[in-house]
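# Examining the three-dimensional arrangement
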Amino acid sequence: MRIDITPSSQTCGATITGIDLSQPLSDTIIAGIRAAWLEHHVLSFPDQTLSDDDLERFTLYFGPFGDDPFIAPIPGREHVIAIQRDAAETAPLFAENWHTDWSFQEHPPAGTCLFGITIPPSGGDTLFANQHAALDAMPDELRARLNGKQAVHSAKNAYAPEGMYGEKDEGRSMDIRPSEEAKETRLHPIIRNHPETGRPGIFGTVGYIAGIDGMDEGEALPLLMELYAWQTQDQFVYRHKWAPGMLVMWDNRSVLHKATGGYEGHDRLLHRTTIGAYRPS
Ligand code: SIN
């Protein structure tokens, strides 16, 4: 079996066909997918019929399961969460701000797999911003101000009891569990090399970044906002359009992502797994 890889014509992203992910994959195919993932950062596999067992098996080809805090897994599973929005839901959209998944962890996840089950007829695209391309094109003057700086990552704005998905968040179909633990902080370099490819990129963005180590807020926030404006420009963005039965895997070390709306009155349901941090063998 060989896989067919069709790059998107945008800054990142590729579609992979010629493969049935409901069947176990050979080492050669897995290596081919990993290479394509590292090159294109976001891969989509259309026309798949996958159970949660299949989704978990696929995830484990690329690393251990990551730890998903603050969102309860679906019943009967430890490692699958539902990204869900019901047709009548009025709560603010989930994950509508640019972010990279769980960047506030000590060892943030390598990647995320998201399988489309119920997909609205239009809207609900996911946007991905290529953080290698954003760094490559960054003016020297901005890069010099960011080089060597450590960002203070935290989930507090989202998952603390006072956060966006906290105690005042009502009418949401997703099972989100806010916690004081969201206030913990971790440092990660703003500019760093990808752990597998060594390619330099920007890691994370304001939202899960609450400050810059050693800088006061008045100085750090304008710099983080300047970085945000740079790293999320249209020229670095790939717009992913979903279809039912499509699996997408993305590299959290290379891209930011965000959800979009525009499907009021329609259900949307996807199952998500997390690929844990890469540990070289
Ligand atoms: C996510 O950030 O996992 C959700 C993306 C989406 O709903 O499009």
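To start, this report covers the structure provided alongside it. Bear in mind that the values here come from a model prediction, so they are computed numbers and not experimental data.

Calculation notes
- Residues numbered from 1 in each chain as written.
- Predicted model: local features only at pLDDT ≥ 70, side-chain atom pairs only at ≥ 80, totals over all residues.
- Heavy atoms only, no water.
- Near = heavy atom within 4 Å.
- Polar contact = N/O pair within 3.5 Å; in protein donor to acceptor, adjacent residues only side chain to side chain.
- Areas by Shrake-Rupley, 256 points an atom, 1.4 Å probe, with all protein chains shown as cover.
- Pairing = 2+ DSSP bridges.
- Helix = DSSP H or I, 4+ residues; strand = E, 2+ residues; numbered from the N terminus.
- Axes fitted to C-alpha atoms, helices over the stretch in contact; angles between N-to-C directions.
- Contact = heavy atoms within 4.5 Å.

### Some thoughts on the site of the ligand
- Taken together, the residues surrounding the ligand are Ile83, Ala95, His99, Thr126, Trp250, His257, Ala259, Arg268 and Arg272.
- Here an oxygen atom of the ligand sits 3.4 Å away from a polar atom, N or O, in the side chain of His99.
- Residue Arg272 places a side-chain N or O atom 2.6 Å away from an oxygen atom belonging to the ligand.
- Protein chains shield 99% of the accessible area of the ligand, which is 260 Å² for the free molecule.

### What about the sheet that holds strand β13 (residues 247-251)?
- One open sheet holds the seven strands; their spatial order is β1-β2-β3-β13-β5-β15-β4, and the pairing between them is mixed. Edge positions in the sheet fall to β1 (4-7) and β4 (81-85), since each has one partner strand and no second. This sheet shows a mean twist of 25° between the axes of neighbouring strands, independent of strand direction.
- Where strand β3 (residues 42-45) lies against β13, four bridges are found, and the strand directions are antiparallel. Residue pairing across strands places Leu43 opposite Met249, the latter belonging to β13.
- Where helix α1 (residues 27-40) meets the sheet, its contacts fall on β1, β2 (14-17), β3, β5 (111-118), β13 and β15 (268-275), and the angle it forms with β3 comes to roughly 130°.

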